[in-house]
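Residues per chain, in single letters:
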Protein chains: 2
Amino acid sequence: MINIGIDIMGGDLAPQTTVLGAILARKILPSDVNFVLFGDENSIKEICKKEQFNASAFKIVHTSEVIEMGDNPAKAFTQKQNSSIAAGFHLLSKGQIDGFASAGNTGAMLVGAMYTVKSIEGVIRPAISTIIPLASGKVKILLDVGINPDCKPEILCQWGILGSIYAESVHGIKNPSVGLLNIGSEEEKGNILAKSTFPLMKESKQFNFFGNMEGNDLFDESKADIIICDGFVGNVLLKTAEAFYELIKHRGKSDEYFDKFNFEMYGGTPILGVNKPVIIGHGISNDIAIKNMILTTKNVIEADLCGKIKQALTI
Amino acid sequence: MINIGIDIMGGDLAPQTTVLGAILARKILPSDVNFVLFGDENSIKEICKKEQFNASAFKIVHTSEVIEMGDNPAKAFTQKQNSSIAAGFHLLSKGQIDGFASAGNTGAMLVGAMYTVKSIEGVIRPAISTIIPLASGKVKILLDVGINPDCKPEILCQWGILGSIYAESVHGIKNPSVGLLNIGSEEEKGNILAKSTFPLMKESKQFNFFGNMEGNDLFDESKADIIICDGFVGNVLLKTAEAFYELIKHRGKSDEYFDKFNFEMYGGTPILGVNKPVIIGHGISNDIAIKNMILTTKNVIEADLCGKIKQALTI
């Protein structure tokens, strides 16, 4: 029996798409998975009714406040204690839900995670990742994609461990390899950060270090499965990929593969390095993206991602 | 009358493609443009003969040494004084050629430029740029793309001036605007470098500051014409664009527009901020890329890019 908490008020198109996404997920997940929805009870019931879906399939935790997309994260989280995000983290830290997912204010989700369930002991900085789809159907993992714009070598090196556990336990990548995003393949290439990180990664026995990865290696299956960079570079890269996807689509050149670059359709990404499963979705998630976010949350809970990271860091 | 110096020994496919490229360019440029080829005289004459092209259309400066792609730049440049790159810079600094272009060892070209013609007084760090093609046929300019992996705010800010002069005088972009590559549109967003650069750019009266640019703004015509970032981020971005181009081509989805992302076909890029026109081509340049590199060199000379940058920095 697992309990998934879902922020119904988070996301640009909430609560409409969040409720629709929850209905889609509810229909395909088994009955031993409970859904706990955080948000305005009336709105949730009304949307369910319109969809001719029995709202009693959900446990609803009514909340009266909303953390808006533009709100200051720390302020909003502490002041809006009756918001869906604050209520979700409250139940998550008490163990009444096993994971919490939201497509709402990313900053507030981070603040909530750090204030309540907190970083795993030994984790220097939690990170978020994105999937890079490959033509074979496999994926690579890129991290960090935005929450750590300034990094130190030890942080990047530790993400090699976090990324490896995530890639293996959630994405089924066996014995994953870790690459350092850089501007040359040789060991001595790079900026100060990359040059200082390379020897740390090379010496690490906690993951398989591949070596440097360049921008043009991103889709190369023979290269590393996990690509590590600071959150500034990762965020620029992620958004550049989005720009290319839009360009390809706009020119009528998309296909089944390129459609996988539609990051709106991904089910969000767990915050790697916190004590409980916290999943952050894309702000402009539609109902299918919300459904996928809920499935991701289930996978992260069942894979015991947080437990495995904890274990790796206490060895 | 202008004299263009071309390194015949530089590039993965030299001297074959470099001579072929020079022949292509020679055929379309007027007779008041002189070509000075630096390289092995016999090879040059042999290739011309095979092509049934009269080698006397070129002035040949015979050189007996070659700086290889894998050579240590500073070492090779100082030790191989009879190399095509060393000889080219020698004549460039003496004013016997007006510009020098090579698809060879980029590091050696940089070392050569810094040792001989040198940085323009006041320029903190020279930079190289790339073109971002837009669907309308216009272009944006991105810099730096690799020679400055670690930067300070004053460097990025000054590139706003260099980029603006280059965009206007060589690419005909009227009254260009300058954007700072960042991970959010708001002023306070970014890593330490971006946050410190923003106020400097905002205060600058030497270019039109647009504000922050994100990865997904790259192809947006309504956004800035010039995008400034450190050479680490710029190089990752450039190579990511190459990766997307390869992916699009590989899936048979290319078209006239996407073909413009084939950076091999571009005619190289000038080093912005040095006293004379020095143009660096892509290592894997084919004959058409070499031809374009020569045309770019002519444009940079005729636009008096170096003179204009000098003037802007002495005001």
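Not measured: the values here are computed from a predicted model.

Participant: Teacher, can you tell me more about the sheet that holds strand β4 (residues 99-102) of chain B here?
Facilitator: Each strand in a sheet pairs with its neighbour through backbone hydrogen bonds, running either in the same direction (parallel) or in the opposite one (antiparallel). Residue and element names in this part refer to chain B. Reading across from one edge, β3-β2-β1-β4-β11-β10 is the order of the 6 strands in this open sheet, with mixed pairing throughout. The sheet is open, and its two edges are formed by β3 (59-62) and β10 (269-270), each paired on a single side. Of the strands in this sheet, β1 (2-7) and β2 (33-39) touch helix α1 (residues 16-28), which is tilted by about 175° from β2. Each of β1, β2, β4, β10 and β11 (278-280) is contacted by helix α9 (residues 287-302), which is oriented at about 140° to β1, the strand it contacts most.

Participant: In this structure, what is going on with helix α10 (residues 305-314) of chain A? I would like to understand it.
Facilitator: Count 3.6 residues to each turn of an α-helix, and residues three or four apart come out pointing the same way. All names here are of chain A. Buried within α10 we find Leu305, Cys306, Ile309 and Ala312. Axial view of α10: buried residues confined to an arc of 125°, hence all on one face. Along α10, exposed side chains directed more than 90 degrees from the buried face belong to Gln311 and Thr314. Against α6 (153-169), β10 (269-270) and α9 (287-302) lie the buried residues of α10.

Participant: Hey, could you run me through the packing of α1(B) against α9(B) in this one?
Facilitator: In helix packing, the relevant descriptors are the interaxial angle and the interaxial distance, both defined with respect to the helix axes. Residue and element names in this part refer to chain B. At a minimum axis separation of 7 Å, α1 and α9 run at an interaxial angle of 50°. For the element pair α1 / α9, the angle class is oblique. Considering how the two elements wind past one another, α1 and α9 form a crossing that is right-handed. Contacts from Thr17, Thr18, Leu20, Gly21, Ala22, Leu24, Ala25 and Ile28 of α1 reach α9 at Asp287, Ile288, Ile290, Lys291, Ile294 and Leu295. When grouped by side-chain class, the residues that make up the contact of α1 with α9 number 9 nonpolar, 3 polar and 2 charged.

Participant: Mind showing me how you'd approach the packing of helix α6 (residues 153-169) of chain B against helix α7 (residues 192-203) of chain B here?
Facilitator: Residues and elements named next belong to chain B. Contact geometry for α6 and α7: axes closest at 8 Å, N-to-C directions at 45°. By the angle class used here, α6 and α7 are oblique. For α6 against α7, the interelement crossing comes out right-handed. Touching Pro153, Glu154, Leu156 and Cys157 of α6 are Leu193, Ser196, Thr197, Leu200 and Met201, all from α7. For the contact of α6 with α7, the class distribution of residues is 6 nonpolar, 2 polar and 1 charged.

Rules behind the numbers
- Residues numbered from 1 in each chain as written.
- Chains lettered and ligands numbered in written order.
- Predicted model: local features only at pLDDT ≥ 70, side-chain atom pairs only at ≥ 80, totals over all residues.
- Heavy atoms only, no water.
- Pairing = 2+ DSSP bridges.
- Helix = DSSP H or I, 4+ residues; strand = E, 2+ residues; numbered from the N terminus.
- Contact = heavy atoms within 4.5 Å.
- Axes fitted to C-alpha atoms, helices over the stretch in contact; angles between N-to-C directions.
- Buried < 20%, exposed > 50% of the residue type's maximum accessible area, 1.4 Å probe, protein only.
- Arc of directions from axis to C-beta.
- Parallel < 35°, antiparallel > 145°, perpendicular 65-115°, else oblique.
- Left-handed = near helix turned anticlockwise from the far one by under 90°.
- Nonpolar A, V, L, I, M, F, W, Y, C, P; charged D, E, K, R; others polar.

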